[in-house]
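Residue-level structure breakdown
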Amino acid sequence: QVQLVESGGGLVQAGGSLRLSCAASGRTFGIYGMGWFRQAPGKEREFVAAINWNSGYTYHADSVKDRFTISRERAKNTVYLQMNSLKPEDTAAYHCAAHSLAVLFTTRPSEYAYWGQGTQVTVSS
């Protein structure tokens, strides 16, 4: 089993920045990749960004490209999401997730076996 704990959410004004963290523990040796997803009230879960745990290859959704950056610190088993130029439409609960698939990356929530509890990000206009 892998446990994921997110932190770093909060309330920020439009144009501001936040950095989310996700610490993994447990059987982390089986992790091939991690990702961030978000879900706003009444909306479906949306892919945000993914990273290959070994190579560091990253992929970002078009909606956040050039504003958000996913990264990882392997020694700390931690993945980050740096969010800049935040917009009110970025308001959502942000969840990190981990998978054990031998792929470069995946954007499909169903392919992630482990999920954190989520951290709320609220962007005021």
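What counts as what
- Residues numbered from 1 in each chain as written.
- Predicted model: local features only at pLDDT ≥ 70, side-chain atom pairs only at ≥ 80, totals over all residues.
- Heavy atoms only, no water.
- Helix = DSSP H or I, 4+ residues; strand = E, 2+ residues; numbered from the N terminus.
- Rg over C-alpha atoms; globule rule 2.2 N^0.38 Å.
- Buried < 20%, exposed > 50% of the residue type's maximum accessible area, 1.4 Å probe, protein only.
- Contact = heavy atoms within 4.5 Å.
- Lys, Arg positive; Asp, Glu negative; His and termini not counted.
- Charge placed at Lys NZ, Arg CZ, Asp CG, Glu CD.
- Core = buried A, V, L, I, M, F, W, Y, C linked by side-chain atoms within 4.5 Å.

Thoughts on the overall build of the chain
A count of helical and extended segments in the chain gives zero helices and eleven strands. From first element to last, N terminus to C terminus, the chain shows the α and β order β-β-β-β-β-β-β-β-β-β-β. The C-alpha atoms of the chain give 13 Å as radius of gyration, which agrees with the globular expectation for 125 residues (14 Å, within 12%). Within the span of the chain, comprising 125 residues, buried residues form 44% of the whole. Contacts in the chain between residues far apart in sequence, at least 24 positions, make up 56% of those at least 6 positions apart. Across the chain, the centroid of the 12 positively charged side chains sits 6 Å from that of the 9 negatively charged ones.

What about the side chain of H99?
Inspection of the secondary structure assignment puts H99 in strand β9 (residues 92-99). Under the relative-accessibility criterion, H99 is labelled buried at 2%. For H99, the residues in contact, after removing those within four places along its chain, are G30, I31, Y32, G33, M34, T106, E111, Y112 and A113.

Concerning the nonpolar core
Among the nonpolar cores identified, the biggest contains 35 residues, and L4, M34, W36, L81, M83 and Y94 are the most heavily contacted of them. Elements with a contribution of two residues or more to this core: β1 (2-7), β3 (18-26), β4 (33-39), β5 (46-52), β7 (68-73), β8 (78-83), β9 and β11 (119-124). In contact with L81, not counting residues within four places along its chain, are L18, R19, L20, W36, V48, A49, F68, T69, I70 and Y94.

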